[in-house]
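Spelled out from the first residue to the last, the chains are:
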Amino acid sequence: MAMAEAHVRTHRFDWSRYLRLAAFLGPAALYAILFIIVPYTNLLAYSFWKTDNYVTLREFSLQNFARIFESATYLSVIGNSLLVAAIVTTCSVLFGYALAFYVAFFAGPRRQILYFLIVIPLWTSFLLRAFIWRIILGREGVINSGLAWLGVADEPIALLLFNRFSVCVALTYVFIPFVAIPVYTALEKIPRETLEASLDLGAAPTFTLWRVILPLSLPGVIAGAIFTFCLSFGDFVAPALLGGPSGIMISSIIINQFGAAFDWPFGSALAIVVVAVIGVAVALARWAERRYE
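Calculation notes
Residues numbered from 1 in each chain as written. Predicted model: local features only at pLDDT ≥ 70, side-chain atom pairs only at ≥ 80, totals over all residues. Heavy atoms only, no water. Axes fitted to C-alpha atoms, helices over the stretch in contact; angles between N-to-C directions. Helix = DSSP H or I, 4+ residues; strand = E, 2+ residues; numbered from the N terminus. Parallel < 35°, antiparallel > 145°, perpendicular 65-115°, else oblique. Contact = heavy atoms within 4.5 Å. Nonpolar A, V, L, I, M, F, W, Y, C, P; charged D, E, K, R; others polar. Patch = residues over 30% accessible without salt bridge, like charges linked within 9 Å, V, L, I, M, F, W, Y side chains within 5 Å. Areas by Shrake-Rupley, 256 points an atom, 1.4 Å probe, with all protein chains shown as cover. Salt bridge = Lys/Arg side-chain N within 4 Å of Asp/Glu carboxyl O. Expected span 1.5 Å × (residues − 1). Buried < 20%, exposed > 50% of the residue type's maximum accessible area, 1.4 Å probe, protein only. Arc of directions from axis to C-beta. Polar contact = N/O pair within 3.5 Å; in protein donor to acceptor, adjacent residues only side chain to side chain.

**Q** How would you explain the packing of helix α9 (residues 205-233) against helix α12 (residues 264-292) if you had to name every residue and give the values?
**A** For the pair α9 and α12, interaxial distance at closest approach is 10 Å and the crossing angle is 180 degrees. Classified by the angle between their axes, α9 and α12 sit roughly antiparallel to one another. Seen from α9, the contacting residues are P215, L216, L218, P219, I222, I226, F229, C230 and F233; seen from α12, they are V274, V277, I278, A281, V282, A285, A288, E289 and Y292. Along the lines of polarity and charge, the residues of the contact of α9 with α12 split into 17 nonpolar, no polar and 1 charged.

In structure tokens form, the structure reads like this:
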């Protein structure tokens, strides 16, 4: 009898623990199911269907993926998107690291103010920040007007806008805070005694930067780089506002397939390719982080 009562008490305790765990994880699981698992599953299913005269046929087919990898046009657009993402990521890491390094080690009492100024652009609309560069780089923008006023250029420089250059400039400006913030956090965690010990042992400042500061801040660099690469690879605002023939990216093609072309299966296949590329990038970043650790 006593053993039965103990078993009942244990059974009830286990149920209450599971209920508390379900109540704690329930909202997160519901969010993941409704906004991640279901949409991506639906997208994957659409990518294997066909379209006939703007009508989606639920018949299994690989023609959408074959159309992507057999077309030089789509492969060129994907390659251009990768190139833009790589350029933006490289420039954002360089400028973001330099900015975070200055704020962490040289700003002094102005550190909090400068950090606040880094965060402020994230409060404004992404569309507004991209559109500003259309005004700056335009034929009558700030740069061309300044060059004309200085007498450097007799006519506006058209190469500043509606090309890959303008897309990279705008995206680099937008994503610098995404690198600077995690790098600054990593730099703040470095014990200052470690840096003093390196200098006391006779290491030059450049050697200390290369062998002490950079390795210890590498997790922040990896986090910022992967955020920047993934977001810039799939961005569609900057190419729509600033991209010309050389600035077309895969996101613009996907939007066109879901909109004007009304070819949802092919647009879904393109989106799956984008997700796969981003997944590979995240996996490589995780591998690099584990190897560093």
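So that's the structure; there's more coming.
**Q** Could you give an account of a nonpolar patch on the surface, naming the residues involved and the relevant values?
**A** Together, L30, Y31, I33, L34, F35, I36, I37, V38, Y40 and V275 make up a nonpolar patch on the protein surface, roughly 950 Å² of accessible area in all. In terms of residue count, helix α1 (residues 2-47) provides more of the nonpolar patch than any other element does, 9 residues in total. Note that F35 resides in helix α1.

**Q** So, α12: which residues are in play, and what are the values?
**A** Spanning 29 residues, α12 covers 42 Å between terminal C-alpha atoms, matching the ideal 42 Å at 1.5 Å per step. Here α12 has its buried residues at P265, F266, G267, S268, A269, L270, A271, I272, V273, V274, A281 and A285.

**Q** Lay out helix α5 (residues 126-137) with the relevant residues and their values.
**A** Since the α-helix advances by 3.6 residues per turn, residues separated by three or four positions end up pointing in the same direction. Along its 12 residues, α5 runs 17 Å from first to last C-alpha, staying within 8% of the 16 Å computed at 1.5 Å per residue. Within the span of α5, buried status applies to R129, A130, W133 and L137. Buried residues along α5 cover an arc of 95 degrees about the axis, so they all sit on one side. Tucked into the core, α5 has its buried residues touching α6 (142-150), α7 (164-188) and α10 (237-242). The opening residue of α5 is S125, an N-cap whose side-chain oxygen sits 3.2 Å from the backbone nitrogen of L127.

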